[in-house]
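Inside the fold
The chain contents come next:
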Amino acid sequence: MSEQNTPTPTPGVTPTDSPKIGDDGDPILRIEGITKQFGGITALDGVDLTVDPGITGLIGPNGAGKTTLFNCLTGFHKPDDGRVHLYETDITGKEPPAIAQQGMVRTFQIPRELADMTVFENLLLAPMNQHGERLRGAWIRGDQFVEEEQVIRDRAREIAVFFEIDHLLDEPAGSLSGGQRKLLEIARALLTDPDIVLLDEPLAGVNPTLEQKILGRIEALVEDGYSFLLIEHDIDLIMDNCERVVVMHQGAVLTTGAPEAVQSDERVIEAYLGGDDV
Amino acid sequence: MVSAGLLDATVQGLITGAVIAGGALGLSLIYDIAEVPNFAHGDMITIGAYLALVFNNPGEIPFLPDFGSVPFVLAAIIGVVLAGVLGAVYELAIFRKFRDNDADLITMVIVSLGLALVLRNAVLFLVGSKNIQYQTPRVITTNFDFLVTQTGLTVITTQRQAGELVTTGEWGYPWWLIVAGILAAVAVGYAVFALYREEEDFTTVSLIPPKILGAAGSIGTVLLLGVFARLDPQGTDYILGTQIGLNVKHITILAVVIVAMFILNVILKTTKLGRAMRATADNMALAEVRGVDADRVQLVVWVVAAMLAALAGILTGWFATNLTPNMGFALLLPIFAAVILGGISSPYGAVAGALIIGLSMDVGVYLIPGSSTYRVAIAFVILIGVLLVKPEGIWGDV
Amino acid sequence: MAVADFIISLLTFIAIYSLFGIGLNLKFGFTGLIDFGHVAYFMIGAYVTVVLTMPAGAAGYSGIGGFALPELFGVLGPIGSLFGWLLGVLGGMIAAALVSLAVGVPTLRLREDYLAITALGIATILTTVVNDEEWLFNGPFGINTVHAPLRDVFPLSLGSFTLNMAVFGILSLAAFGLTGYWLARAFRRQGRRGKLVLGVLVPLVAVWYFVLPTLSDGMVELTRNTLWLFDPTAGPKGGMDYDRFVLLLSVAALGGGYWLVERTINSPYGRVLRAIREDEDVPRALGKETFQYKLQALMLGSALAGAAGALWAINIGFIAPDQFAATITFYAFTAVIVGGTANNKGVILGTAFFWGIRNGTRFIDVPSQYSIQLAASRLMLIGVVLILILYYRPEGLLGEQDYDIPLPSRDSSGGTDDV
């Protein structure tokens with residue numbers, strides 16, 4: 001059923017163009033020399049990276065700076081130095097909403113569900129630029145408002161069915177289990193119709209069946225032109241499912257390449273054995 | 001005779017700042033370690049002031065028998081201790097329970113607001129709204145006239161004795177001495193700074209930052225020279241003249257607050273308890289994992305903060321010569337401004353923020369005519385200006 | 001004073017403060033902004049409306065204005081005059097919103113606790129300015145030339161005494177009927193404890209309102225209390241007096257504010273506001289410009305507070321800076337929290353509870369030298385109630401309300417339809 005569930009861009013709901021299908025040559029993200037310090041401690045030390053369409057896995061030992069990189073890319077941290085381009089747009093130092101509007105959204109490592117709102121409301125929040133999100137639209141409520149809200153509800157239900165949280169739609173999100181929160185987090189990000197999604201450990205704590213299902217879903221979305229950059233600790237998962245792998249170590253990119261190539265790279269083995277366990 | 005000017009406003013501002021600092025020290029502890037933006041802090045100040053009043057001047061309190069007056073200093077000590085007991089009550093009866101419930105910041109704000117209403121109105125209920133004074137020995141203010149003349153600086157001190165203005169001293173400093181003094185102060189300050197900076201390495205937790213120690217060295221040198229190198233007057237034909245009024249209250253308040261700051265700092269930096277407190281401030285959950293008894297730490301925080309608040313209240317009541325149920329609440333805004341300005345987490349930051357706020361209030365009122373009702377407003381404009389530029393405060397939030 | 005008159009003055013208070021509280025609820029309950037300076041907008045709404053509507057050169061007034069808007073439109077008759085007053089209210093609301101915009105731009109980017117303290121500080125400063133700058137709004141002397149809209153029309157008489165009594169009497173009975181219906185519906189929905197509370201409280205109030213006055217003052221008093229809209233002593237033929245009109249006006253304003261806030265929060269817009277309250281990073285990560293939302297919520301809430309201020313001014317007939325102390329904000333917070341944060345019905349219930357207790361205590365006889373003690377013990381009680389509620393029932397009496405965006409035709413509602 002997953003084939004039918006692919007979110008289709010909705011008029012008036014999607015801010016950006018539909019995902020850039022077929023632009024295979026151009027990288028989605030160009031990251032040049034991103035540096036970030038926290039009170040004298042260098043978390044990112046000149047990260048250079050290009051992210052091409054498809055699934056890219058980001059691995060590295062604890063403290064390598066993966067989440068900090070995500071924060072710098074999505075505007076939650078201001079990088080001290082360096083530039084980030086999303087397609088041709090320079091998004092360095094922009095605020096998170098502006099970056100999300102450009103088509104790059106992220107999930108959080110520890111899921112941040114809106115606990116007192118229902119699961120359904122958590123999902124309905126996500127689609128961008130709804131008419132009813134503006135004060136005038138909320139007050140006046142024309143036909144467009146109604147139509148749009150119905151479309152959004154249908155999409156939210158569909159995605160909930162896929163992630164098997166549809167029976168929980170009316171529950172407060174705070175009552176979900178850890179794994180369900182992960183699912184909600186991903187579903188919410190997908191509902192924004194992004195070009196690229198940064199997934200921060202989306203599979204940690206999810207049961208193996210669901211894990212495979214999420215991965216299958218991601219692959220189906222890639223077919224439709226969406227791209228993913230995901231942080232994951234389970235190396236095997238990354239190796240089996242990603243087209244390219246980026247390895248970070250001590251705040252910089254150690255190497256990039258196809259899974260097989262990376263797996264046999266001496267420096268990667270060294271970094272993992274020398275650093276913390278994975 | 002010369003009139004009071006900018007210098008006097010600066011001295012007044014320092015004293016105001018010191019009084020604010022007394023409150024700010026306690027508030028920053030609660031804010032940082034207990035993570036409560038304590039809107040009851042102003043009223044804890046009021047409570048402290050009235051606790052000392054109970055022993056110093058019980059006749060003024062309607063529901064109390066007049067059992068005679070205890071000397072002010074003793075009453076102050078008893079008041080501070082009792083306030084500490086009350087601090088334990090706030091923590092045990094209220095804040096610990098909310099912490100155990102994982103109350104969020106907004107809830108803590110409202111809870112402290114509720115406590116503020118209870119405390120202020122308890123005072124109003126028991127004492128009424130009239131102005132009351134401590135029974136203290138009369139304090140005589142000495143006016144220092146500073147006259148800048150052709151040959152140097154002349155200082156004339158006067159006091160009001162039995163209604164008459166009496167000149168009590170007259171001396172001066174020639175230019176060469178002033179220049180030499182400044183040079184000496186700079187040299188001493190830098191020497192102290194350099195000496196202590198060299199000892200510092202990554203692992204040292206310095207009790208007093210070398211910069212502050214250096215500044216203290218400079219100020220100390222100037223004061224020592226000023227007191228002991230009093231030479232002949234340099235004439236009274238002045239080019240520039242200004243007057244400041246000083247009395248034992250000013251000196252005491254400054255001294256008490258500075259001593260309190262140092263003691264607090266020593267506790268935080270050298271004792272096991274202090275380290276536990278700082279660890280708790282950093283990350284309460286992590287501190288507990290590492291075996292810190294968070295409940296005990298929080299108890300100490302509230303007790304110490306309540307004692308500091310009481311100290312500030314007693315000093316305020318003594319300095320302003322009367323006590324009202326609103327005295328603490330009126331200080332709440334400047335105290336919050338000082339703490340936010342200083343960046344919440346260090347005693348030095350709180351005191352520095354308080355001095356900036358105090359100075360800006362009194363100097364601002366002096367510089368802007370007709371602005372005396374806007375003292376607090378001036379402090380606030382400065383706070384908002386700083387927050388616009390640096391939302392985490394001057395000293396940062398680290 | 002008849003019990004009806006006491007109830008009318010109490011209900012007017014409750015309606016005005018409920019409107020004020022609903023404005024706060026939009027900021028605090030739904031968006032999570034701790035605006036400790038809410039009373040400032042109440043004050044601005046009151047002052048600006050009064051100055052826009054009062055005549056120029058009023059005796060004993062040396063501030064700006066007045067601008068006599070109702071007189072300007074008065075040539076069109078009473079309706080024109082009322083329109084002029086409404087324009088004045090609109091001006092007061094806009095002024096309140098604009099000042100909150102100026103406050104919000106620097107402070108809304110700060111941490112929530114910093115916002116609380118800076119908002120309190122700015123409100124204190126604004127009150128000081130109004131108090132100290134006589135050229136502005138007459139300083140501490142206040143303004144006693146408040147324009148009362150449609151004052152000339154009242155007491156409203158429709159003709160003969162009988163007609164007045166019949167029309168206003170039927171309207172009064174209709175109001176009772178509506179209240180009864182509403183109570184019955186509420187009763188049916190309650191759990192056992194709610195049923196018990198209502199089952200005890202409603203008869204008690206009924207006895208106090210209908211039976212006790214009849215026993216002490218006879219049938220005339222019963223008639224007055226039953227046909228409460230009709231005042232036999234107002235004018236030669238009886239009629240509806242001005243106090244009753246102010247009550248109706250306040251209730252209408254409350255209804256309008258309630259509707260507006262309900263419509264605002266039961267919408268995709270409201271979802272964003274609540275998401276901001278829960279965790280601002282989430283809507284930001286999803287592409288919502290949360291700063292704009294916070295600013296708008298602040299302005300809208302302040303405008304409602306401004307409207308409440310305009311009503312306050314005509315209800316009291318005199319405004320002065322000392323009416324707008326910071327404690328008013330704290331009362332509103334208490335009412336919102338007691339009734340149920342993020343529940344507009346709860347705000348009205350909490351406000352009724354709060355002012356019922358506050359004004360009800362005026363029946364307690366205390367010697368005048370203990371009036372300070374009485375006032376102080378009230379406030380102590382409020383503080384204690386606040387802490388106890390937050391500990392034992394943080395969701396308040398009613399809890400957070402349900403939300404729904406009703407859509408026509410298709411059955412696709414996500415929540416319950418009880419809003």
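On a predicted model such as this, the values are computed, not experimentally measured, just so you know. (Residues numbered from 1 in each chain as written. Chains lettered and ligands numbered in written order. Predicted model: local features only at pLDDT ≥ 70, side-chain atom pairs only at ≥ 80, totals over all residues. Heavy atoms only, no water.)

Comments concerning the overall build of chain B
Counting its secondary structure elements, chain B contains 13 helices and four strands. Taken over the C-alpha trace, chain B has a radius of gyration of 23 Å; the compact-globule value for 398 residues is 21 Å, and the two agree within 12%. Here chain B, with 398 residues, has 50% of them falling under the buried criterion. Across chain B, contacts joining residues at least 24 apart in sequence account for 72% of those joining residues at least 6 apart. When the accessible surface of chain B is totalled, it reaches about 17,900 Å², and 67% of it is carbon and sulfur. The positive charge centre, built from 19 side chains, and the negative charge centre, built from 26, are 4 Å apart in chain B. (Helix = DSSP H or I, 4+ residues; strand = E, 2+ residues; numbered from the N terminus. Rg over C-alpha atoms; globule rule 2.2 N^0.38 Å. Buried < 20%, exposed > 50% of the residue type's maximum accessible area, 1.4 Å probe, protein only. Contact = heavy atoms within 4.5 Å. Areas by Shrake-Rupley, 256 points an atom, 1.4 Å probe, with all protein chains shown as cover. Lys, Arg positive; Asp, Glu negative; His and termini not counted. Charge placed at Lys NZ, Arg CZ, Asp CG, Glu CD.)

Here's the deal with the domain arrangement of chain C
All names here are of chain C. Domain boundaries in chain C define domain 1 (3–153 + 241–323) and domain 2 (161–226). In this structure, domain 1 and domain 2 have C-alpha centres spaced 32 Å apart. The interface is formed by five residues belonging to domain 1 together with six residues belonging to domain 2. Looking at the side of domain 1 facing domain 2, the largest losses of area belong to V3, A4 and I7, adding up to 80% of the total buried there. In this structure, the connection of domain 1 to domain 2 is made through one salt bridge. With its nearest N and O atoms 3.5 Å apart, the salt bridge here joins D5 to R224. At the junction of domain 1 and domain 2, the tally comes to one residue pair in polar contact (both at pLDDT 80 or more). A class-by-class count of the residues in the side of domain 1 that touches domain 2 yields four nonpolar, no polar and one charged. (Domains from an automatic or database assignment. Buried area = accessible area lost by both parts, 1.4 Å probe. Salt bridge = Lys/Arg side-chain N within 4 Å of Asp/Glu carboxyl O. Polar contact = N/O pair within 3.5 Å; in protein donor to acceptor, adjacent residues only side chain to side chain. Nonpolar A, V, L, I, M, F, W, Y, C, P; charged D, E, K, R; others polar.)

A look at the packing of aromatic side chains
Residues and elements named next belong to chain C. Under the counting rule described, the total for this entry stands at 41 aromatic pairs over all chains. Ring centres of F176 and F210 lie 5.5 Å apart, and the angle between their planes is 55 degrees; this geometry places the pair in the tilted category. A residue pair is termed long-range when its members are at least 10 positions apart, and F176 in helix 7 (residues 161–189) and F210 in helix 8 (residues 192–217) qualify at 34 residues. Assessed through its relative accessible area of 23%, F210 is described here as partly exposed. Between Y242 and F245, the aromatic rings sit 5.5 Å apart at their centres with planes inclined by 40 degrees, giving tilted as the arrangement. On the criterion of helical spacing, the pair formed by Y242 and F245 is a turn pair, its members being three residues apart in helix 10 (residues 242–265). (Phe/Tyr/Trp six-rings, centres within 6.5 Å; stacked < 30°, edge-to-face > 60°.)

A few points about the interface of chain A and chain C
Between chain A and chain C, the residue contacts involve 42 residues of the former and 37 residues of the latter. The interface formed by chain A and chain C contains six salt bridges. Notably, a salt bridge pairs D281 of chain C with R112 of chain A, separated by 3.0 Å at the nearest N-O pair. Taken together, chain A and chain C are joined by 19 residue pairs in polar contact (both at pLDDT 80 or more).

With respect to the interface of chain B and chain C
Opposite the 40 residues of chain B that make contact, chain C presents 38 residues. Overall, the association of chain B and chain C removes approximately 3,600 Å² of surface from exposure, summing both partners, and the carbon and sulfur fraction of that is 81%. The three residues of chain B that bury the most area against chain C are I106, I110 and Y374 of chain B, which together make up 16% of that side's buried surface. Joining chain B to chain C, the criterion identifies zero salt bridges. For the side of chain B that touches chain C, the element with the most residues is helix 4 (residues 105–127) of chain B, which contributes 15 residues. The residue makeup of the side of chain B that touches chain C, split by class, is 31 nonpolar, seven polar and two charged.

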